[in-house]
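# Summary of structural features
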Amino acid sequence: MYEALLYQPIAEGEVHCGLCHHRCRIAPGRRGVCGVRENQAGRLVSLVYGKLVAEHVDPIEKKPFYHVLPGSRSYSIATVGCNFHCLHCQNYLISQYPHLQGGDISGVDRSPQWVVEEAVRGGCASISYTYVEPTIFYEFAHACFTPAREQGLRNLFVSNGYMTPEAVQHMSPLLDGINIDLKAFSDEFYRRVCKARLEPVLDNIRLFHDLGVWVEVTTLVIPGHNDSDEELGSIARFLAALSLDLPWHVSGFYPTYQMTDRPPTPVATLEKARKIGCAEGLRHVYIGNAASAGGADTLCPGCGALLVHRAGFSGRVTAITGEGCCHACGQAVAGIWQ
């Protein structure tokens, strides 16, 4: 057991967790919404510290990060648990594992040093904390941050963006990049489909950006839920008001878990979303997990030259310098290129 970060003891042995926006008030012997943080006699502990259920070497494009070291590998890890309960979760077998298995915690014991060494052995340029919401295993992720940096590795979160401002401030000095799922622009969607709220996610996209953490945003476009012109336009305008250079990934939905009543997202819908984002001024709008010509390539925002060509989850740098400038016109392109 590992004592949790960001909590406070309160009356009668209860604790107040300050890690995510649920801000669970947890009685002795009980757990928070995530299912992996437990009050043991007035002390909040992480039940998943170092207990990994996923360890993979992935292309960085799979996360997806398109403006972070394209073409590189990222060592990707996860534990069980999540602070969302999304009806369409593609990784529900691990994200909802404690709830599906009567509170059981699964995983292979690993140390932060072991993770960093495996990342180096695998030829990776970064460590991605991913597959489930990494905030719920933040104590272990945080323990990996410094040794990863010491080995020249970048630290990356793939997140639902539901951590507290205190957690954002705590992690931002050692977090290089974050891809946040902006699942919709409707609080009703968040409450019904994810058992959460929209506003904290929007606040954290702004906060990470303001703190200098590289931010990319992904929206899974679900037919009949968040695919209207109005909804997609609202997301694009929000991102454009923050930064025209912020990459927006629009991805296709496939029926899964408790949402099998919706069809897969048509490619035409994703192409529409991309056009809406570009019309709002966003310079880098990408189509994910669907075949569409040009929808995954990075183009120079100045002259339109092809900078990074992508096919599937592979990326090939064609015309961008190590400093992140276009070879053709010298235009600087936002991202992490070295």
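Structure shown above.
Residues numbered from 1 in each chain as written. Predicted model: local features only at pLDDT ≥ 70, side-chain atom pairs only at ≥ 80, totals over all residues. Heavy atoms only, no water.

Looking now at the layout of surface pockets. Computed from the structure, the largest pocket encloses a volume of approximately 1,200 Å³. Around the largest pocket, the lining is made up of 49 residues, and of these Lys 63, Pro 64, Gln 90, Asp 181 and Thr 218 lie nearest the centre. Every element with two or more residues in the lining of the largest pocket is listed here: strand 12 (154-159), strand 13 (177-181), strand 14 (214-221), strand 15 (248-252), strand 16 (285-288) and strand 18 (306-311). Looking at the lining of the largest pocket, its residues break down into 20 nonpolar, 21 polar and 8 charged. (1 Å grid on protein atoms, 1.4 Å probe; cavity = no way out; pocket = protein on both sides within 12 Å on 5 of 7 lines; lining within 4 Å. Points joined across faces, edges and corners; volume = space filled by probe spheres on them. Helix = DSSP H or I, 4+ residues; strand = E, 2+ residues; numbered from the N terminus. Nonpolar A, V, L, I, M, F, W, Y, C, P; charged D, E, K, R; others polar.)

Looking now at the packing of aromatic side chains. A full pass over the atoms with the stated rule returns 12 aromatic pairs. With a centroid separation of 4.7 Å and an interplanar angle of 70°, the aromatic rings of Tyr 66 and Tyr 286 are classed as edge-to-face. Of this pair, Tyr 66 sits in the loop between strand 8 (54-59) and strand 9 (73-78) while Tyr 286 sits in strand 16, and the two are 220 residues apart along the sequence. Owing to a relative accessible area of 5%, Tyr 66 belongs among the buried residues under this scheme. (Phe/Tyr/Trp six-rings, centres within 6.5 Å; stacked < 30°, edge-to-face > 60°. Buried < 20%, exposed > 50% of the residue type's maximum accessible area, 1.4 Å probe, protein only.)

Our next topic: unusual backbone geometry. Following Lys 63, the chain continues to Pro 64 via a peptide bond in cis, the omega torsion being 0°. Take Pro 64: it is sitting in the loop between strand 8 and strand 9. Of note, Glu 12 is a non-glycine position whose phi angle comes to about 55°, a positive value. Note that Glu 12 resides in the loop between strand 2 (7-9) and strand 3 (15-17). Unusually for a residue other than glycine, Tyr 257 sits at a positive phi of about 50°. Mapped onto the secondary structure, Tyr 257 falls in the loop between strand 15 and helix 9 (267-279).

Where helix 3 (residues 112-121) meets helix 4 (residues 138-150), the axes come as close as 9 Å, and the angle between the chain directions of the two elements is 50°. By the criterion of interaxial angle, the relationship of helix 3 to helix 4 is oblique. Handedness of the helix 3/helix 4 crossing: right-handed. Of the residues in helix 4, those touching helix 3 at Pro 112, Val 115 and Val 116 are Phe 140, Ala 143, Cys 144, Pro 147 and Ala 148. The residue makeup of the contact of helix 3 with helix 4, split by class, is 8 nonpolar, no polar and no charged. (Axes fitted to C-alpha atoms, helices over the stretch in contact; angles between N-to-C directions. Parallel < 35°, antiparallel > 145°, perpendicular 65-115°, else oblique. Left-handed = near helix turned anticlockwise from the far one by under 90°. Contact = heavy atoms within 4.5 Å.)

Another aspect to go through is the sheet that holds strand 5 (residues 37-40). The pairing of strands in a sheet comes from backbone hydrogen bonds and takes either a parallel or an antiparallel form. The 3 strands lie next to each other as 1-6-5, forming an open sheet whose pairing is antiparallel. Bordering the open sheet on either side are strand 1 (2-3) and strand 5, each of which pairs with just one other strand. With 4 bridges connecting them, strand 5 and strand 6 (residues 43-46) associate as antiparallel partners. If you follow Glu 38 over to strand 6, its bridge partner there is Val 45. (Pairing = 2+ DSSP bridges.)

By themselves, these are just geometric observations and shouldn't be taken as functional.
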